[in-house]
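Chain by chain, the residues:
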Amino acid sequence: MKLVVLGATGGTGLELVRQATEHGHSVTALVRSPDRLKGFRDRIAIKQGDLLNQTDLARVIAGHDAVLSAFGPRVPVSKADAHLLQQFALVLTGAMAHTGVRRVVIESVAFLFKNAILPPAYLLGRLLFPRTVADASAMEEIFARSDLDWTMVRPPELTNKPYTGKYRVGDGHLPVFGLKIGRADVADYMIRATENHSSIRKIVGVCN
């Protein structure tokens, strides 16, 4: 498949790029700083641009099969980035509608699971990361209103532990005691979700 990776220089994004190439996919990354991907320069197409610019996004997405996004604000979230995910969702859905590319897999946050009890994800999110919860919720609503074939992947606390391939998946919920997951395993699920159609227009919880 011809894949576009957004947020490719972050922890999950780098894993998406690495694993997608290992799966034999053709990868294009849209980034502001191409030097951070110099280790992949011979294996992927690197395009420089602004992920909040619809024209830049449409130019890169056109002709591809799917988009995988690990884009998000740096933590702690500053006031300037309080609506970053919402802005991103608006320009990405617009760019995808313009180009006719429909499949998109988005990394979101487990804090949006209101029905999670162990852990109480939504309560913790509202108490500790209210800006993240509000912004991610607005982002998801924009995709839900679109006609795109989206999948929302909601991981709990992300770690840099190596790939295991041993993680739990909850359709519409966070598995019990879903406290952490490695970025490499999140990337693995996102790529596999892109390769099949079983999770289209679904919200999925993933954890180790």
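Heads up: the structure comes first, above all this text.
Summarised in this report is the structure supplied together with it. Owing to the predicted nature of the structure, the values given are computational and were not obtained by experimental measurement. (Residues numbered from 1 in each chain as written. Predicted model: local features only at pLDDT ≥ 70, side-chain atom pairs only at ≥ 80, totals over all residues. Heavy atoms only, no water.)

**Side note on the packing of helix α2 (residues 54–61) against helix α3 (residues 84–99)**
Each pair of packed helices can be summarised by the angle the axes make with each other and by the distance between the axes.
Part 1: Where α2 contacts α3, the two axes come as close as 8 Å, and the packing angle between them is 45°. In terms of their interaxial angle, α2 and α3 are classed as oblique. You can see that α2 and α3 cross each other, and the crossing is right-handed. Along the contact surface, α2 presents Q54, L57, A58 and I61, while α3 presents L90, V91, L92, G94, A95, M96, H98 and T99.
Part 2: When the residues that make up the contact of α2 with α3 are grouped by side-chain class, the tally is eight nonpolar, four polar and no charged. (Axes fitted to C-alpha atoms, helices over the stretch in contact; angles between N-to-C directions. Helix = DSSP H or I, 4+ residues; strand = E, 2+ residues; numbered from the N terminus. Parallel < 35°, antiparallel > 145°, perpendicular 65-115°, else oblique. Left-handed = near helix turned anticlockwise from the far one by under 90°. Contact = heavy atoms within 4.5 Å. Nonpolar A, V, L, I, M, F, W, Y, C, P; charged D, E, K, R; others polar.)

**Remarks on the side chain of D188**
Part 1: Here D188 lies in helix α6 (residues 183–195).
Part 2: By relative accessible area, D188 is classed as buried at 3%.
Part 3: Those residues in contact with D188 that lie beyond four places of it in its chain are Q19, Y163 and Y167. (Buried < 20%, exposed > 50% of the residue type's maximum accessible area, 1.4 Å probe, protein only.)

**Section: the pattern of salt bridges**
Part 1: This model, assessed by the stated rule, comprises nine salt bridges.
Part 2: Put simply, R18 and E15 hold a salt bridge, and the shortest N to O gap is 2.5 Å. Note that R18 and E15 are positioned in helix α1 (residues 11–22) at a spacing of three residues, about one turn of the helix.
Part 3: Looking at R18, the relative accessible area reads 26%, which means it is partly exposed.
Part 4: Take E15: its relative accessible area is 18%, and that puts it in the buried class.
Part 5: Among the salt bridges present, the one from D56 reaches R59, with a minimum N-O distance of 3.5 Å. Placement of both D56 and R59 in helix α2 is noted, with a separation of three residues, approximately one turn of the helix.
Part 6: Judged by its relative accessible area of 46%, R59 is partly exposed.
Part 7: A network of salt bridges, in which partner residues are shared, links E15, R18 and E22. (Salt bridge = Lys/Arg side-chain N within 4 Å of Asp/Glu carboxyl O.)

**Examining the nonpolar core**
Part 1: Core analysis: the largest hydrophobic core is formed by 31 residues, its most contacted members being L6, L57, I61, L92, M96, V104 and F143.
Part 2: Ranked by the residues each element gives to this core, the list is headed by α3, at eight residues. (Core = buried A, V, L, I, M, F, W, Y, C linked by side-chain atoms within 4.5 Å.)

**Things to note about the sheet that holds strand β3 (residues 45–48)**
Part 1: Taken in spatial order, the eight strands of this open sheet run β3-β2-β1-β4-β5-β6-β10-β8, and their pairing is mixed. Strands with a single pairing partner mark the edges of an open sheet, and in this sheet they are β3 and β8 (168–171). Across the sheet, the axes of successive neighbouring strands diverge by a mean angle of 20°, strand direction being ignored.
Part 2: In the sheet, strand β1 (residues 2–6) pairs with strand β2 (residues 26–31) via five bridges, with the strands oriented parallel. Bridge assignment links L6 to a residue of β2, and that residue is L30. (Pairing = 2+ DSSP bridges.)

**A look at the packing of α1 against α6**
Part 1: Interhelical geometry of α1 versus α6 gives an angle of 55° and a closest axis separation of 8 Å. One finds that α1 runs oblique with respect to α6. The interaxial crossing formed by α1 with α6 has right-handed handedness. Here α1 contributes G11, T12, E15, L16, Q19 and A20 to the contact with α6, which in turn contributes R183, A184, V186, A187, D188, M190 and I191.

**Thoughts on the packing of aromatic side chains**
Part 1: In the structure shown here, the tally under the stated rule is three aromatic pairs.
Part 2: Consider the rings of F71 and F88, whose centres lie 4.6 Å apart with planes at 45°: the pair is tilted. One end of the pair, F71, is in the loop between β4 (66–69) and α3; the other, F88, is in helix α3, with 17 residues separating them in the sequence.
Part 3: On the basis of an interplanar angle of 90° and a centroid distance of 6.5 Å, the ring pair of Y167 and Y189 is categorised as edge-to-face. Placement of the pair is Y167 in the loop between β7 (157–159) and β8 and Y189 in helix α6, with a sequence separation of 22 residues.
Part 4: By relative accessible area, which is 12% here, Y189 ends up buried.
Part 5: In this arrangement the basic side chain of R154 is found over the ring face of F113, its NZ or CZ atom lying 4.6 Å from the centre. (Phe/Tyr/Trp six-rings, centres within 6.5 Å; stacked < 30°, edge-to-face > 60°. Lys NZ or Arg CZ within 6 Å of the ring centre and 35° of its normal.)

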